[in-house]
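Here are the chains, one letter per residue:
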Amino acid sequence: MNRLVRPVRGRMIAGVCQGIADRFGCSVVPVRVLTVASTVFFGISILLYLLLWILVPDER
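Residues numbered from 1 in each chain as written. Predicted model: local features only at pLDDT ≥ 70, side-chain atom pairs only at ≥ 80, totals over all residues. Heavy atoms only, no water.

1. A closer look at helix α1 (residues 16–24)
Piece 1. For α1, the full list of buried residues reads V16, C17, Q18, G19 and A21.
Piece 2. Tucked inside the fold, the buried residues of α1 contact α2 (28–41) and α3 (45–55).
Piece 3. One or two steps after α1, the chain reaches G25, where phi turns positive at roughly 70°. (Buried < 20%, exposed > 50% of the residue type's maximum accessible area, 1.4 Å probe, protein only. Helix = DSSP H or I, 4+ residues; strand = E, 2+ residues; numbered from the N terminus. Contact = heavy atoms within 4.5 Å.)

What follows is the structure, given as structure tokens:
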């Protein structure tokens, strides 16, 4: 498995969902759908997304 980084290509906002999908070898679509759904229904995932945006390094 690769390490978790925010890739330069495939970003929508910050690349967090794309980085998670790349890390676990799955499609980015379900990761994005789960992120949006959990934000709408639970609200806490927006904080997690922002935290990951800050903590996960850019791909270099």
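2. Section: the pattern of salt bridges
Piece 1. Applying the stated criterion across every chain, the model contains 2 salt bridges.
Piece 2. A salt bridge links R11 to D58; its shortest N-O distance comes to 2.5 Å. Separated by 47 residues along the polypeptide, R11 in the segment before α1 and D58 in the segment after α3 bring together distant segments of the chain.
Piece 3. Judged by its relative accessible area of 32%, R11 is partly exposed.
Piece 4. With relative accessibility at 29%, the residue D58 sits in the partly exposed group.
Piece 5. In the salt-bridge network here, residues are joined through shared partners; they are R6, R11 and D58. (Salt bridge = Lys/Arg side-chain N within 4 Å of Asp/Glu carboxyl O.)

So, to be careful, I would describe these as geometric facts and stop short of saying anything about function.
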